[in-house]
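Each chain is listed here by its residues.
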Number of protein chains: 2
Amino acid sequence: MRRVRVAGVQMDPKILEKEKNLSKCLEFLETAAKKKAEIIVFPECALTGYCFSSLEESFSVAEPVLGPSSRAIASLCTELNVYTIIGFLERDGEKYYNTVVLIGPKGLIGKYRKIHLPFLGIDRFVNPGDQPLKVFKTGVGRIGMNICFDVRMPESARILTLLGAESIMLPTNWPKGAELVPKYVINARAYENRVNFIAVNRVGKERGFEFIGQSKIVDYSGKTLVEANSLKEEIIFATIDLDGARKKHVILVPGEFELPLFKGRRPEFYGILVKAINTY
Amino acid sequence: MRRVRVAGVQMDPKILEKEKNLSKCLEFLETAAKKKAEIIVFPECALTGYCFSSLEESFSVAEPVLGPSSRAIASLCTELNVYTIIGFLERDGEKYYNTVVLIGPKGLIGKYRKIHLPFLGIDRFVNPGDQPLKVFKTGVGRIGMNICFDVRMPESARILTLLGAESIMLPTNWPKGAELVPKYVINARAYENRVNFIAVNRVGKERGFEFIGQSKIVDYSGKTLVEANSLKEEIIFATIDLDGARKKHVILVPGEFELPLFKGRRPEFYGILVKAINTY
């Protein structure tokens, strides 16, 4: 059985304090690796902070992929022989994105630019992601990435699963008001797609917004394996089963009670999903 | 504000005992109407039972839409001036479907034939629904119908919401093993789509299968308004807000924290959703 030990770093990034955030991330990376984590997931905008008041304000902290901070992360991943997923503001020429990168022992594997933007924090100013959702085949399984508000759209995790994801990583910045996401939605995403789901939130306050923690790792059956139990910085760990997430035809009583979770889809009736309807 | 009082009849239908089931349903209809329900929702296959061993066995209980049983229900709806949604096996020429009908004071409004079939009970033998999901404009709001396993597919409720549903009704037959559906999925469906969600399950045992009740009514914000608190027959009631379910652009802090729940969709990236991929 292919199993992977995952860590989620529920941390409190400080807005605009990039060096401080980076050195904290490097420390967390080392701690998690010492505790045998093979892949270590950080929150959205872990290196930069999130509640910027304007795009101009964030200029100084945005970096290319890879840039100085993410290169430092990559070096440590090589040294520790681990994978990581970490979020920051990406600058690409004149364009800015809310991005997460997937880095392995051999360097950058891929990136994801948030495609669903709420009107909140830096998301009010960055460009919406301009590339399709993608799954990356790695030494720790087939990985898809979503960011925060993406999870509110059932399409996001569904697409990654159809693309073959065994695990979906969700770096996030859930503020107060988003409590029902960890309470219901994360488990539902894992359950409906039969995919491991790792949601890593931040804690702390930033410019009037308070973040709610509640990071959690849910296995492909929809059961919570571990959840952060405080509003403090902490690392959560769990071992996920990648092969389980590939069994999409669930046999409960052979020949009497089986669930064709994906074979039973009826895409011939799904046309409206690909139309731009603003619904009221 | 457009509000509607809904009742969910969590009952124990007896397989093959159609007359008994019908007279029970008529009684429940009367009781719920007396308690001011405007629309009364019954479980999947409420008139027929569900765990048939073959299609042949169910021949005697299948009926056209409308047929003798559903006409009796319709007459009482006229008399009581209420709407109802009730499930039974539909016979249409040589074809059979797992169907629910929507009936109002003036008679039949519409029907829905289950499109996503698990391999369980009568669903092993009926034809998969051959018509697209649809929303019906009624005197008690814009209503969409799903049946049981449909809810496991996030596409089902998403499509009904895109079609304008203010409320989604889910007659169901959840057996043991489906506990995570009421625990997580129902609330997630309401929350992600910002739609009222009414899930009505059966109770009791049938040929080795035990049904878990836990019927619930969840409002468009994702909060549970009421849930059945026993494994016995009972009627649950709640008043839902139809206008709330139409506000898909959620303003939490004006100009700073807003959620474009549907305007923020990115259908240009959703093409894979309409492809037939069996995923492992």
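Residues numbered from 1 in each chain as written. Chains lettered and ligands numbered in written order. Predicted model: local features only at pLDDT ≥ 70, side-chain atom pairs only at ≥ 80, totals over all residues. Heavy atoms only, no water.

All names here are of chain A. Pairing is mixed across the open sheet formed by six strands, whose spatial order is S6-S7-S8-S9-S12-S13. The sheet terminates laterally at strand S6 (135-138) and strand S13 (224-227), the two strands that pair on one side only. If you compare each strand with its neighbour and ignore which way they point, the axes differ by 20 degrees on average. For strand S12 (residues 216-218) and S13, the ladder comprises three bridges, and the chain directions are antiparallel. (Pairing = 2+ DSSP bridges. Helix = DSSP H or I, 4+ residues; strand = E, 2+ residues; numbered from the N terminus. Axes fitted to C-alpha atoms, helices over the stretch in contact; angles between N-to-C directions.)

The next point concerns the pattern of salt bridges. Residues and elements named next belong to chain B. Under the counting rule described, the total for this entry stands at 46 salt bridges over all chains. Its salt-bridge partner being Glu63, residue Lys18 comes within 2.7 Å of it at the nearest N-O pair. On the criterion of sequence distance, the pair formed by Lys18 in helix H1 (residues 18-34) and Glu63 in the loop between helix H2 (55-58) and helix H3 (68-80) is long-range, its members being 45 residues apart. For the pair shown, Lys18 and Glu63 are each scored as buried. Among the ionic pairs, Lys24 bridges to Glu233, the shortest N-O distance being 2.7 Å. (Salt bridge = Lys/Arg side-chain N within 4 Å of Asp/Glu carboxyl O. Buried < 20%, exposed > 50% of the residue type's maximum accessible area, 1.4 Å probe, protein only.)

Turning our eyes to something else, we now look at the environment of Ala32(B). Residues and elements named next belong to chain B. Take Ala32: it is sitting in helix H1. What makes Ala32 buried here is its relative accessible area of 0%. Measuring from C-alpha to C-alpha, the distance between Ala32 and Ala7 comes to 6.5 Å, with 25 residues separating the pair along the chain. If we skip the residues at most four places from it in the chain, Ala32 touches Ala7, Ala37, Ile40, Ile235 and Phe237. (Contact = heavy atoms within 4.5 Å.)

The next point concerns the interface of chain A and chain B. Interface size is commonly expressed as the accessible surface area that is lost when the partners come together. In this assembly, 74 residues from chain A lie in contact with 74 residues from chain B. Buried area between chain A and chain B, summed over both chains or domains, comes out near 6500 Å², and the portion from carbon and sulfur atoms is 64%. Across the contact surface, chain A and chain B share six salt bridges. Summed over the shared surface of chain A and chain B, the result is 26 residue pairs in polar contact (both at pLDDT 80 or more). Put simply, the parts of the chain that give the side of chain A that touches chain B at least two residues each are helix H4 (154-162), helix H5 (180-193) and strand S16 (257-260) of chain A. Looking at the side of chain A that touches chain B element by element, the count peaks at 10 residues for H5(A). Where S16(A) meets strand S6 (residues 119-120) of chain B, two bridges bridge the pair, whose relative direction is antiparallel. Among the inter-strand pairings, Phe257(A) is bridged to a residue of S6(B), identified as Leu120(B). (Buried area = accessible area lost by both parts, 1.4 Å probe. Polar contact = N/O pair within 3.5 Å; in protein donor to acceptor, adjacent residues only side chain to side chain.)

It is worth spelling out the relation of the copies chain A and chain B at this point. Each copy of the sequence occupies a distinct position, and chain A is placed on chain B by a rotation of 180 degrees and an axial shift of 0.0 Å, giving an RMSD of 0.0 Å. Expressed as a symmetry operation, the mapping of one chain copy onto the other fits a two-fold axis. Every residue of chain A has its C-alpha some distance from the rotation axis, and the shortest such distance is that of Tyr184(A), at 2.4 Å. (Least-squares fit on C-alpha atoms with pLDDT ≥ 70 in both.)

Right, let's get into the nonpolar core. Judged by nonpolar contacts, the single largest core of 156 residues is most densely connected at Ile39(A) and Ile39(B). Ignoring any residue separated from it by four or fewer positions in sequence, one finds Ile39(A) in contact with Val4(A), Arg5(A), Val6(A), Ala7(A), Tyr83(A), Thr84(A), Ile85(A), Leu102(A), Val140(A), Ile143(A) and Met169(A). (Core = buried A, V, L, I, M, F, W, Y, C linked by side-chain atoms within 4.5 Å.)

Attention now moves to the layout of surface pockets. Approximately 420 Å³ is the volume attributed to the largest pocket. Looking at the lining of the largest pocket, the elements that each hand over two or more residues are H5 of chain A together with strand S16 (249-253) and strand S17 (257-260) of chain B. Here the element with the most residues in the lining of the largest pocket is H5(A); it accounts for three residues. Partitioned by chemical class, the residues of the lining of the largest pocket number 17 nonpolar, three polar and four charged. Taken as a whole, the second largest pocket encloses approximately 340 Å³ of empty space. Considering the residues around the second largest pocket, the lining is formed by 21 residues, among which Tyr191(A), Leu259(A), Arg152(B), Gly177(B) and Ala178(B) are closest to the centre. At the level of secondary structure, the elements contributing two or more residues to the lining of the second largest pocket comprise strand S15 (249-253) and S16 of chain A together with helix H5 (180-193) of chain B. (1 Å grid on protein atoms, 1.4 Å probe; cavity = no way out; pocket = protein on both sides within 12 Å on 5 of 7 lines; lining within 4 Å. Points joined across faces, edges and corners; volume = space filled by probe spheres on them. Nonpolar A, V, L, I, M, F, W, Y, C, P; charged D, E, K, R; others polar.)

Next up on the list: the packing of helix H4 (residues 154-162) of chain B against H5(B). Residues and elements named next belong to chain B. Here H4 crosses H5 at 35 degrees, and the two axes come no closer than 10 Å. Seen along the crossing, H4 lies across H5 with a hand that is right-handed. Contacts from Pro154, Ala157, Arg158 and Thr161 in H4 reach Arg189, Glu192 and Asn193 in H5. Its residues placed into classes, the contact of H4 with H5 shows two nonpolar, two polar and three charged. (Left-handed = near helix turned anticlockwise from the far one by under 90°.)

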